Amino acid sequence: MLERYYPQNWPVSYEGLIHTAIALGVATFLALALHWIVFKLLGRVTRASASRVDDTLVAKIRKPMRWAMIAFGISIAAENDALIGDGWDTLIRYLMPAVIGWVAFSFVKGLAAGYEAQLAVTGEEVLHRGYRTRIAILSRTARVAIVIITISLIMVNIPGVRDVGTTMLASAGLAALAVGAAAQPALKSLIAGLQMALTQPLRIGDLVKVDGQAGRVEEIRMSFVTVRTWDERVMVVPTSRFLDQSFENWSRVSEKLTGPVMLHLDPAAEVEPIREEFERFVKAHPLWDGRNLALLMTEAYPESIELRLSMSADTIGDLFTLRCEAREHMVAWLRKNQPDALIRHRLEVEAANQRAMGN
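Just so it is clear, the structure is predicted and the values come from calculations on it, not from any experiment.

## Some words on helix H8 (residues 271–283)
Note on helix geometry: an α-helix contains 3.6 residues per turn, so any two residues three or four positions apart are oriented the same way. With 13 residues, H8 ought to run about 18 Å at 1.5 Å a step, and its terminal C-alpha atoms sit 18 Å apart, in line with that. Three or more residues of H8 are buried, namely Val-271, Ile-274, Glu-277, Phe-278, Phe-281 and Val-282. The arc enclosing the buried residues of H8, seen along the axis, measures out at 130 degrees, which places them on a common side. Of the exposed residues in H8, the ones pointing more than 90 degrees away from its buried face are Glu-276 and Lys-283. Contacts from the buried residues of H8 go to strand E6 (257–265), strand E7 (288–300), strand E8 (305–313) and helix H9 (316–337).

## Some words on unusual backbone geometry
Phi at Asp-211 takes a positive value of approximately 55 degrees, unusual for a residue other than glycine. Along the polypeptide, Asp-211 turns up in the loop between strand E1 (207–210) and strand E2 (213–220).

## Side note on the nonpolar core
Counting residues in each nonpolar core, the largest one holds 22 residues, and the members touching the most others are Leu-263, Leu-265, Ile-274, Leu-307, Leu-309 and Met-311. Listed by contribution, the elements that provide at least two residues to this core are E6, H8, E8 and H9. Counting residues per element, this core draws most heavily on H9, at six residues. Excluding residues that lie within four positions of it along the chain, Ile-274 makes contacts with Leu-265, Ala-269, Leu-295, Leu-307, Met-330, Trp-333, Leu-334 and Gln-338. Counting 15 residues, the second-largest nonpolar core is a separate cluster that includes Met-196, Val-208, Ile-220 and Phe-242.

## Section: the pairing of E7
The sheet contact formed by E7 and E8 spans eight bridges and is antiparallel. Bridge pairing in E8 links Met-297 to Leu-307.

## Focus on the sheet that holds strand E3 (residues 224–229)
A sheet is described by the order of its strands in space; here five strands give the open sequence E4-E3-E2-E1-E5, paired in antiparallel fashion. Of all strands in the sheet, those bounded by a partner on one side alone are strand E4 (234–238) and strand E5 (248–249). Judged from the five bridges that link them, E3 and E4 form a sheet pairing that is antiparallel. Counted as the bridge partner of Val-225 is Val-237 from E4.

## Some points on the packing of aromatic side chains
Enumeration over the complete set of coordinates arrives at one aromatic pair. Measuring from centroid to centroid gives 5.0 Å for Phe-242 and Phe-247, while their planes differ by 90 degrees, and the two rings are edge-to-face.

## Describing the sheet that holds E8
Within the open sheet, the three strands sit side by side as E6-E8-E7. Their pairing is antiparallel. The open sheet has two edge strands, E6 and E7, and neither has a second partner. The average angle at which neighbouring strand axes cross in this sheet is 20 degrees, direction not considered. Lying over the sheet, H9 contacts E6, E7 and E8, oriented at roughly 20 degrees with respect to E6.

Rules and cut-offs
- In every chain, residue numbers begin from 1 and rise along the written sequence.
- Whole-chain, interface and lining totals are the exception, using all residues; otherwise, since this is a predicted model, local features are given only for residues with pLDDT of at least 70 and side-chain atom pairs are given and counted only at 80 or more.
- Based on all heavy atoms of the structure, the side-chain values leave hydrogens and waters out of the count.
- In this text, helices come from DSSP runs of H or I with a minimum length of four residues, and strands from runs of E with a minimum of two, each type numbered from the N-terminal end.
- Multiplying one less than the number of residues by 1.5 Å gives the expected span of a helix.
- A simple rule labels every residue: compare its accessible area, found with a 1.4 Å probe on the protein chains alone, to the largest value its type can have, and call it buried under 20%, exposed over 50%, or partly exposed in between.
- Starting at the helix axis, one direction is taken to each C-beta atom, and the arc is that of these directions.
- A contact between two residues is defined here by any heavy atoms of the two lying within 4.5 Å.
- The term nonpolar core refers to a set of buried residues drawn from Ala, Val, Leu, Ile, Met, Phe, Trp, Tyr and Cys, joined through side-chain atoms within 4.5 Å.
- Two strands make a pair as long as DSSP finds a minimum of two bridges between them.
- Any Phe, Tyr or Trp ring, taking Trp's six-membered ring, that has another such ring centre within 6.5 Å forms a pair; planes under 30 degrees apart are called stacked, those over 60 apart edge-to-face, and the others tilted.
- Helix axes use the C-alpha atoms of the stretch in contact, all axes being lines fitted to C-alpha atoms, and the angles between their N-to-C directions lie in the range 0 to 180 degrees.

By themselves, these observations are geometric and do not establish any function.
Given below as structure tokens:
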């Protein structure tokens, strides 16, 4: 039963095996040598270039191209050696789609990483966010498509899977309906991700407010967006949520914002000295960018007035710090210079006490 596995019973001679081993060794050596020469030359070209895209791209495709060249070399050897050709013709049907898919996957990944590295050296932060978001979504879509196509090409070459596929074509109508219904959420997420990349209502790094929470966009995927809040929590929001419902994007055009500080004071407060002190403090503050500065009485009630102290800064973080320090300073100044302006809830009990003492 096991006699066919004995080497002396093989239909191939030792000389044939040696010839095959030499052919494989020479093909692999020449492929590796060619790979080394090509990438040595590419390395010199990329070092001479000022762009970072080509450096990252060459680094990403180096390894998959090595295996692709080895497969190409073995294919040439298989043309001249029947023993190699018998096994290689079967293996190459599965190996070639996998190697080509690996090269294409690495190419897209390297291209995206190269463009992100190139954009990182520019000073345009808002422009960088837009391109980075578009690159991330489109490259991820391309990689998913490459993986699906590669797996499909490999499975088509499997006889059993191919036969099952042929049999299922008889019920193609029902299968199409079932697949369409099952794939509807995935297709919706895919379309939402592509729409996000093209229209860019938000980008990676934007400060947004969604569901009452404000935070920075860390990652945009086809199906969800991650937003990190100030207390380091991560909100996972469906991508379609940003397209179907309204949200606030505080850094859509730039980081420059104007923010208010609200003061509720007694109607007896003198507004003009408060305005002078507020303007003096903000103008002397290093975080103020010189754009907007105003104090307005926005509301007047029987028992209180509302003052809106607005100021601006170059970044959202600077504006938050400026508002906090202005609020703290003005409350301290009012406590010292206009204590009557601070609202107090008073209860007169003198008449009640006299009545109690009289009884």
